[in-house]
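An overview of the molecular structure
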Number of protein chains: 2
Amino acid sequence: MAIPRAAKTQRRTRIQEEKEEIILEAALDVFSMHGFKGATIDQIAEVAGMSKPNLLYYFRTKEAMHRALIDRVLDTWLDPLREFDAEGNPEVEIKSYIRRKLEMSRDFPRESRLFANEILRGAPSIVEELDDLRKLVDEKAEVIRAWVKAGKIGRCDPYHLIFSIWATTQHYADFDVQVKAVLGPARSGDGRFEDAARFLEQLYMSGLQVRP
Amino acid sequence: MAIPRAAKTQRRTRIQEEKEEIILEAALDVFSMHGFKGATIDQIAEVAGMSKPNLLYYFRTKEAMHRALIDRVLDTWLDPLREFDAEGNPEVEIKSYIRRKLEMSRDFPRESRLFANEILRGAPSIVEELDDLRKLVDEKAEVIRAWVKAGKIGRCDPYHLIFSIWATTQHYADFDVQVKAVLGPARSGDGRFEDAARFLEQLYMSGLQVRP
DNA sequence: GGATAATTTGACCGGTTGGTAAACATTACA
DNA sequence: TGTAATGTTTACCAACCGGTCAAATTATCC
């Protein structure tokens, strides 16, 4: 009798870990491109190189696959913001936050698009996580506000500062097709991330300076 | 014998215009939320308050509905960028561009999400339009470059400047759910657009100043 | 008012999709 | 090596979905 893995708490065999890895990798491909409803289990199965019932042996429903993917990715996705350090130099902190977020857009564009799809749909499956996000942002907004009060950076709304950094950096993952189309083939190499980093650092370093 | 409207070039009856309007309005609701594949004709029909075959009487396929919607919206979507005036004052031009884009996010969030969905999916249905976009952006990038050369604004990459304005302003439409979740119910009124406008204007006005 | 064209709908069809049943294959372990 | 648990696949189902058809209803025009 085959018992689906969800019935047991502990990870079992080597083969389970491997196959779940392969499946989630394939699922990330398909979900990030087509969204939850647009993705089909058959598609994911084909990318994963196994049969559809085999997928459903590891994840009992399409929903469960999507869920597992989101849970796994969400955690690492907010790491850059967590590293935001109140004790650090504001300029250095903001600059490296931008860098890190841009690197994530470059190295993990599918993860970014997975979230973008989810948020576009009204975030039906991550309502609780949004609450955690709010707490984290509140915390970091307080850090920024303290910097402003200490006169280390110019006056600004910390929430909209964070939004703007999210938007500008994730843009290069979520709207990749558009960015490439506008830049043309000649400028669509990985160099665009360096150009973006340069531009954004200048914008934020000048834009957040203490004004007379 | 009923002849589908696509067979005739000229708009016919008052009732046709009205019904097509209702259908596209409903389709915008559904497509912008669920994407092309995620949307169903039945859903749109329900929102539009008519039967599915009746929808298909006005638009012969789901594809045709989506197409009509995109064509209609795309044109007005780029209007703010077209108004970008080479003769104008750079600070005023950039500031009012940001304003206009923010207003569009506030007043037409579904249109923004419709495009976001399309781009996320690799823009399968707007490849030609992307070419027009590239030309328009090239043109405006030249304007910005001229401003830089004339010493009217600080040195910056004009393309990434435009990307950053798109990203920051559309963020409030596309990631609305996230923005509201982070700001909390108290700050999620329409006032957030005013706060965003203030923040972004400050950021870009300071960030683009000519540096010593 | 009646003929004709335009509009609307219920019933239906073939293909797709998420998910299941059960037989078959492989692995882990005594 | 035997056997029980684990893993894999073929065949299949019911629901859904895009789209068609023909009949019914309504608007238009003389």
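Residues numbered from 1 in each chain as written. Chains lettered and ligands numbered in written order. Predicted model: local features only at pLDDT ≥ 70, side-chain atom pairs only at ≥ 80, totals over all residues. Heavy atoms only, no water.

Scanning chain A from terminus to terminus reveals 11 helices and 0 strands. In sequence order, the secondary structure elements of chain A are arranged as α-α-α-α-α-α-α-α-α-α-α. Taking the principal axes of its C-alpha atoms as reference, chain A extends roughly 75 × 45 × 30 Å. Residue burial in chain A is summarised as follows: out of 212 residues, 52% are buried. Considering only intrachain contacts with a sequence separation of at least 6, the fraction spanning at least 24 residues in chain A is 67%. Summed over all atoms, the accessible surface of chain A reaches about 10000 Å², with 51% contributed by carbon and sulfur. (Helix = DSSP H or I, 4+ residues; strand = E, 2+ residues; numbered from the N terminus. Buried < 20%, exposed > 50% of the residue type's maximum accessible area, 1.4 Å probe, protein only. Contact = heavy atoms within 4.5 Å. Areas by Shrake-Rupley, 256 points an atom, 1.4 Å probe, with all protein chains shown as cover.)

Packing of helix α9 (residues 158–174) of chain A against helix α11 (residues 191–207) of chain B brings their axes to within 10 Å, and their N-to-C directions diverge by 75°. When the axes of α9(A) and α11(B) are compared, the pair comes out roughly perpendicular. Facing α9(A), whose interface residues are A:H160, A:L161 and A:S164, α11(B) presents B:R192, B:D195, B:A196, B:F199 and B:L200. In terms of residue class, the contact of α9(A) with α11(B) is made up of 4 nonpolar, 2 polar and 2 charged. (Axes fitted to C-alpha atoms, helices over the stretch in contact; angles between N-to-C directions. Parallel < 35°, antiparallel > 145°, perpendicular 65-115°, else oblique. Nonpolar A, V, L, I, M, F, W, Y, C, P; charged D, E, K, R; others polar.)

Turning our attention to the packing of aromatic side chains. All names here are of chain A. A full pass over the atoms with the stated rule returns 16 aromatic pairs over all chains. A centroid spacing of 5.9 Å and a plane angle of 45° characterise the contact between W77 and F115, whose relative ring orientation is tilted. Separated by 38 residues along the polypeptide, W77 in helix α4 (residues 62–77) and F115 in helix α7 (residues 109–120) bring together distant segments of the chain. Given the relative accessible area of 8%, W77 is considered buried. Seen from their ring centres, F84 and Y97 are 5.4 Å apart, and the 85° between their planes marks the pair as edge-to-face. Pair noted here: F84 is in the loop between α5 (79–82) and α6 (90–107) and Y97 is in helix α6, with a separation of 13 residues, a long-range link. (Phe/Tyr/Trp six-rings, centres within 6.5 Å; stacked < 30°, edge-to-face > 60°.)

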